Amino acid sequence: MNQPPPFLHAAGIDKAFDDTPVLRGIDLSIAQGETVCLLGPSGCGKTTLLRIIAGLEQPDAGRVFFEGRDITATPAHRRDFGLMFQDYALFPHLSVNDNIAFGLRMRGWSESDIAARVSELLELVELEGYGGRKIYELSGGQQQRVALARSLAPKPPLLMLDEPLGSLDRALRDQLLSELRRLLLQLRQTALYVTHDQIEAFAVADRVVLMNKGRIEQVATPAELYLKPATPFAAKFLGFKNILQARVLELTPTPVLRTPLGLLRPLSLPPGLSAGDTITCVIRPEGASLAADAASAPNRIQLRLQMRSFRGARTLLRLESPDPASPPLEFALPGLMTALEPGEMVALDIDPAAVVVFDIGY
């Protein structure tokens, strides 16, 4: 049986500016009703990819398909996708109502349908009673909600958001992230979201597309990306510091690695590894706990404490690496840890599930 085409598919996308490659062989599919987040550092190509899908840029090679139709040459205004940018691009001289209604009037909606849709959206973004206000009378968070309502007003098949919360402070950003996720789920809205902030990506996305130097590094759910970063780049981008070179000692009955910290037993290894292989692994920062006693135990390490830093519900411990040439290791443990002082040796038990081994070649 033939499978239906993806809702949206970008196939083999290449793009260069001034002979500098920005995108290289990008293949990306988005399912209807799914929120996909393009995540990566500045300059990795995520905004360029969004602009190509939106029709604001043309690829040098590759095609964009929507519901099976080739829309590569279709102008942006004929794709009917919704767009929302960091600066919101609201009209300051118009009221909230007229900002939301602007695109609907351009599309020839009747005034009665416009009024009903604007009222529906104001309720949806929790701005009832604000319709008559000017944009400059609103807070940054309220302006963001108006911009979102305006983008949603024409009921676009695809909503595209480029760093939409970048100008907001962290507390307001966290609040609006929860609201945005709720809205996208409630509306079953297909969305493509661009950000360099992993917290935003994890909070809003069904799938995360991590990009690096114009290529896709990993595609995964937020949980999969955090629990099993596929490459050292992915681990470093997520902020993981505990990246080690190791050698595979045993494969069965349980894997054993020889590392600079001693012997470690990960929960699993990638397929294709053999005893004696040199590999790279990462220990996630939440994967350690204080040893309960002084006895030796599997996956127990001892390191000298350099610094402890209170981080609310957790305390960050920075510990000296046994290799003087290597950077310190960092673990985030629950609680205050006030009994630990810099300079003392700390015994930690490492959760096997927190030891992630990369495929051979990384």
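Coordinates for the structure precede this section.
Residues numbered from 1 in each chain as written. Predicted model: local features only at pLDDT ≥ 70, side-chain atom pairs only at ≥ 80, totals over all residues. Heavy atoms only, no water.

K.L.:
Would you take a moment to explain the sheet that holds strand β9 (residues 207–212) for this structure?
P.N.:
Backbone-to-backbone hydrogen bonds pair the strands of a sheet. The strands run either parallel or antiparallel. If you walk across this open sheet you meet the six strands as β6-β7-β8-β3-β9-β10, and the pairing is mixed. What marks the edges here is a single partner per strand, and that holds for β6 (82–85) and β10 (215–220). Sheet twist, expressed as the mean angle between neighbouring strand axes with direction ignored, is 15 degrees. As judged from the five bridges shared by strand β3 (residues 35–39) and strand β8 (residues 191–195), these two strands associate in the parallel manner. Note that in β8 the partner of L39 across the bridge is T195. The strands touched by helix α5 (residues 140–152) are β6 and β7 (159–162); relative to β6, the strand with the most contacts, the crossing angle is about 165 degrees. (Pairing = 2+ DSSP bridges. Helix = DSSP H or I, 4+ residues; strand = E, 2+ residues; numbered from the N terminus. Axes fitted to C-alpha atoms, helices over the stretch in contact; angles between N-to-C directions. Contact = heavy atoms within 4.5 Å.)

K.L.:
Would you explain the nonpolar core in this entry?
P.N.:
Nonpolar side chains in soluble globular proteins tend to end up buried together. Grouped together as the largest cluster of nonpolar side chains are 49 residues, with contacts concentrated most on I100, V146, L148, L161 and Y193. V146 has contacts with L90, V96, N99, I100, L127, I135 and L138, leaving out every residue within four places of it along the chain. (Core = buried A, V, L, I, M, F, W, Y, C linked by side-chain atoms within 4.5 Å. Buried < 20%, exposed > 50% of the residue type's maximum accessible area, 1.4 Å probe, protein only.)

K.L.:
Please explain unusual backbone geometry as it appears in this structure.
P.N.:
Between T252 and the following residue, P253, the backbone shows a cis peptide bond with an omega angle of 0 degrees. Within the secondary structure layout, P253 lies in the loop between β11 (243–250) and β12 (256–259). Non-glycine residue M337 carries a positive phi angle of around 60 degrees. Tracing the chain through its elements places M337 in the loop between β18 (329–334) and β19 (345–350). Its relative accessible area of 17% is what places M337 among the buried residues.

K.L.:
Hey, could you run me through the pattern of salt bridges in this one?
P.N.:
A side chain with one charge can pair with a side chain of the opposite charge if their charged atoms come near. One pass over the structure, following the stated rule, counts 20 salt bridges. Among the salt bridges present, the one from R308 reaches E341, with a minimum N-O distance of 3.5 Å. Linking R308 in strand β16 (residues 300–311) with E341 in the loop between β18 and β19, this pair joins segments that are 33 residues apart in sequence. Judged by its relative accessible area of 41%, E341 falls in the partly exposed class. Each of R170, R173, D174, D197 and E200 takes part in one network of salt bridges that share partners. (Salt bridge = Lys/Arg side-chain N within 4 Å of Asp/Glu carboxyl O.)

K.L.:
It is not clear to me how the sheet that holds β16 should be interpreted in this structure. Could you clarify?
P.N.:
If you walk across this open sheet you meet the five strands as β15-β19-β16-β17-β18, and the pairing is antiparallel. In this open sheet, the two edge strands, each paired with only one partner strand, are β15 (288–290) and β18. For this sheet, the mean inter-axis angle between neighbouring strands, taken without regard to orientation, is 50 degrees. Of the pairings in the sheet, the one linking strand β17 (residues 314–319) to β18 comprises six bridges and is antiparallel in character. From the neighbouring strand, L319 faces β18, where its bridge partner is L329.

K.L.:
What is the right way to read the packing of aromatic side chains from this model?
P.N.:
Two aromatic rings are characterised by how far apart their centres lie and by the angle between their planes. A complete count under the given rule lists six aromatic pairs for this structure. Here the aromatic rings of F7 and F66 are separated by 5.0 Å at their centres, their planes lie at 70 degrees, and the arrangement is edge-to-face. A residue pair is termed long-range when its members are at least 10 positions apart, and F7 in the segment before β1 (8–17) and F66 in strand β4 (residues 61–66) qualify at 59 residues. For the pair formed by F7 and F66, the shared burial category is buried. (Phe/Tyr/Trp six-rings, centres within 6.5 Å; stacked < 30°, edge-to-face > 60°.)

K.L.:
When you look at the environment of R265 in this model, what are you seeing that I'm missing?
P.N.:
With respect to the secondary-structure elements, R265 resides in the loop between β13 (262–264) and β14 (278–283). For R265, a relative accessible area of 30% corresponds to the partly exposed category. Contacts of R265, omitting those with residues within four sequence positions, involve P255, V256, P298, N299 and P352.

K.L.:
I tried to follow the pairing of β19 on my own but got confused; where do I start?
P.N.:
Moving residue by residue along a regular strand, the side chains alternate between the two faces of the sheet. Both β15 and β19 contribute to a ladder of three bridges, which runs antiparallel. Following the sheet pairing, A288 is matched in β19 by I350.

K.L.:
How do you make sense of helix α3 (residues 96–106) when you look at a structure like this?
P.N.:
In an α-helix there are 3.6 residues to a turn, and that puts residues three or four apart on one side. Listed as buried for α3 are V96, N99, I100, A101, G103 and L104. Contacts from the buried residues of α3 go to α4 (111–124) and α5. Immediately beyond the C-terminal end of α3, within one or two residues, lies G108, with a positive phi of roughly 85 degrees.

K.L.:
It is not clear to me how the packing of α3 against α4 should be interpreted in this structure. Could you clarify?
P.N.:
What describes two packed helices is the angle between their axes and the distance between those same axes. It is at 10 Å that the axes of α3 and α4 come closest, and there the two elements cross at 125 degrees. By the angle between their directions, the pair α3 and α4 is classed as oblique. Judged by the twist between their axes, the crossing of α3 over α4 is right-handed. Across from V96, N97, I100, A101, L104 and R105 in α3, the residues of α4 making contact are E111, I114, R117, V118, L121 and L122. Residues belonging to the contact of α3 with α4 are distributed by class as follows: eight nonpolar, one polar and three charged. (Parallel < 35°, antiparallel > 145°, perpendicular 65-115°, else oblique. Left-handed = near helix turned anticlockwise from the far one by under 90°. Nonpolar A, V, L, I, M, F, W, Y, C, P; charged D, E, K, R; others polar.)

K.L.:
Is there a simple way to explain the side chain of R173 in this structure?
P.N.:
Here R173 lies in helix α6 (residues 170–187). Residue R173 is classed as buried on the basis of its relative accessible area, which comes to 12%. R173 has contacts with L165, G166, L168, D197 and E200, leaving out every residue within four places of it along the chain.

K.L.:
What should I look at first to understand the pairing of β1 in this one?
P.N.:
Across five bridges, the pairing between β1 and β4 is antiparallel. Within β4, the position partnered with D14 by the bridge is A61. Across seven bridges, the pairing between β1 and strand β2 (residues 20–30) is antiparallel. Across the sheet, the residue bridging to F17 is T20, located in β2. Hairpin geometry of β1 and β2 is characterised by an intervening segment of two residues between the two adjacent antiparallel strands and by a positive phi of about 55 degrees at D18.

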